[in-house]
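Chains, contacts and geometry: an overview
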Amino acid sequence: MSIKNAYLAKVMEDVKKRNPGEAEFHQAVEEVLESLEPVVEKHPEYIERGIIDSIVEPERIIKFRVPWVDDSGKVRVNRGFRVQFNSAIGPYKGGLRFHPSVYEGIIKFLGFEQIFKNSLTGLPIGGGKGGSDFDPKGKSDNEVMRFCQSFMTELSKHIGADTDVPAGDIGVGGREIGFMYGQYKRLRNEFTGVLTGKGLTYGGSLARTEATGYGLCYFTEAMLADKGESFKGKTVVISGSGNVAIYATQKATELGGKVVALSDSNGYIYDKNGIDLAAVKQIKEVERKRIKEYLNYHPEAEYHEGCSGIWGIKCDIALPCATQNEINGESASKLVANGVYAVAEGANMPSDPEAIGIFQKAGVLFAPAKAANAGGVATSALEMSQNSMRYSWTFEEVDAKLKDIMVNIYHNAAAAAEEYGMKDNLVAGANIAGFLKVANAMMAQGVV
Ligand code: NDP
């Protein structure tokens, strides 16, 4: 990747200097700035008004100690983060990630991406992200609860239904949201929509659990339809086996695709007969075990250690739904050599810049995360609306709104790419369409 515009190149250089050692954040900013070259050339006012310099700097970063007591009585200390990146178009909104790899650079990359993703949904939500280096894996329910309560004790001072509304992400599902919501309510004595992804008995929205995976497939379907194609009869490989991967598997199958592989951070399963989702849900959602347990249900399937081998499986459609930079140049080349037709990102930034270049050069239909996985946050915003109205829509109502939103995002990103002379480049189209709305709101609000 290289930024040719001198002003944008200088902004990039400053971002690297001011945020040393934060490779993921640099990568995310570089991709966006590169896409914005034709925009600032046509609209120099964004440079003159300092919009580019402002948008790469978070409005606020909160970093805190999270002490908790494990089951043996030992005090453990983790680190918590909330990056409130941009509130030009609405309250900060974005998930919380609990994973040992979390540090400030990961949260900044995710928060930065969230600004544009949230804007693309067409809903009034700003960009933020948070999390901790806490690893829920192998912890008892009581340990997870004590951690979540301690985390929320500090976070509660900085969030609110009209200020900042976190949700889940890697390592934060319904159990963790429930514990954090309970603690917020106890501390503030208010029953308010301060988190999304809540349980259905206390303010959650139907279809929120399914939304990111379903939305990814709705987006992919719209992208395929534009080329006269569909999921029907296609072989699909999906990485991960968490929230996004599970519901992407369900929807891709419903739409006529055959999902043959899933993974976790230890290895991947290949089932040429098509993945048995009920078995995966039992293993992952109920037992919280490793994906290799799938062989207990289907001994005829294969299990392989290591994550990257999954990209060597021949498929028509690849949906990376695990984590950032899981597809490098080598994996992308294997997918292309095996004739992949479309790649749509369910995880955030799962393809590294080299991989994206390889897909684009080979003419693979490529759907970037900030457009393709926006269904989760869009449905979170629908949960906020329902909380404000003290009302619940049916599953079908939420699902229909989700589908509309995803199809619109596809068409807006495709139209922006075409308008700026980069037809079919959805990476550029999503960055541009997401940027314009936020930038115009920032211009209207003055220097703030
Ligand atoms: P989950 O925690 O439910 O699942 C994550 C999955 O990815 C697990 O199978 C996990 O395996 C695997 N994984 C995590 N880290 C790594 C790693 N370093 N290497 C290999 N595999 C890994 O998370 P989600 O499904 O919610 O999130 C998946 C991706 O989707 C993330 O990038 C997230 O940011 C993105 N996303 C999620 C949204 C949501 O609504 N949940 C919304 C938009 C984007 P293991 O169990 O072994 O760790």
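Everything discussed here concerns the structure shown above.
This write-up is about the structure you can find in this document. (Residues numbered from 1 in each chain as written. Predicted model: local features only at pLDDT ≥ 70, side-chain atom pairs only at ≥ 80, totals over all residues. Heavy atoms only, no water.)

On to the overall build of the chain. On a plain count of helices and strands, the chain comes out with 18 helices and 12 strands. The C-alpha radius of gyration computed for the chain amounts to 21 Å, which stays within 12% of the reference 22 Å derived for 448 residues, consistent with globular compactness. In the chain, which comprises 448 residues, the share counted as buried stands at 56%. In the chain, once contacts between residues fewer than 6 apart in sequence are set aside, the share between residues at least 24 apart is 72%. (Helix = DSSP H or I, 4+ residues; strand = E, 2+ residues; numbered from the N terminus. Rg over C-alpha atoms; globule rule 2.2 N^0.38 Å. Buried < 20%, exposed > 50% of the residue type's maximum accessible area, 1.4 Å probe, protein only. Contact = heavy atoms within 4.5 Å.)

Here helix α8 (residues 174-188) contains 15 residues, and its C-alpha end-to-end distance of 21 Å stays within 8% of the 21 Å for a straight helix at 1.5 Å per residue. Residues Arg-175, Glu-176, Ile-177, Met-180, Tyr-181, Gln-183 and Tyr-184 constitute the buried set of α8. In the core, the buried residues of α8 are packed alongside β3 (92-98), α7 (141-155) and β5 (164-167). One or two residues past the end of α8 sits Asn-189, with phi positive at roughly 55°. (Expected span 1.5 Å × (residues − 1).)

Time to look at the environment of Ser-230. Tracing the backbone shows Ser-230 in the loop between α9 (208-225) and β6 (235-239). Remark: the alpha-carbon pair of Ser-230 and Thr-220, spanning 10 residues in sequence, is separated by 8.5 Å. Among the polar contacts listed, one links the side chain of Ser-230 to the backbone nitrogen of Lys-232, at a separation of 3.1 Å. (Polar contact = N/O pair within 3.5 Å; in protein donor to acceptor, adjacent residues only side chain to side chain.)

Where strand β1 (residues 60-69) meets strand β2 (residues 75-86), 10 bridges bridge the pair, whose relative direction is antiparallel. Across the sheet, Phe-64 pairs through a bridge with Gly-80, a residue of β2. Pairing geometry for β2 and strand β4 (residues 126-132), over six bridges, is antiparallel. The residue of β4 that forms the bridge with Phe-81 is Gly-131. (Pairing = 2+ DSSP bridges.)

Let's shift gears to the side chain of Gln-84. Mapped onto the fold, Gln-84 is located in strand β2. Residue contacts for Gln-84: discarding those within four places in its chain leaves Pro-58, Glu-59, Arg-60, Ile-62, Tyr-92, Gly-127, His-158 and Asp-164.

Let's shift gears to the pattern of salt bridges. Counting across every chain of the model gives 25 salt bridges. Here Arg-97 makes a salt bridge to Asp-169, at a shortest N to O gap of 2.6 Å. Here Asp-169 lies in the loop between β5 and α8 and Arg-97 lies in strand β3, a separation of 72 residues in the sequence. Considered together, Arg-97 and Asp-169 belong to a single accessibility category, that of buried residues. Counted as one network, the salt bridges with shared partners bring together Glu-22, Lys-63, Glu-104 and Lys-108. (Salt bridge = Lys/Arg side-chain N within 4 Å of Asp/Glu carboxyl O.)

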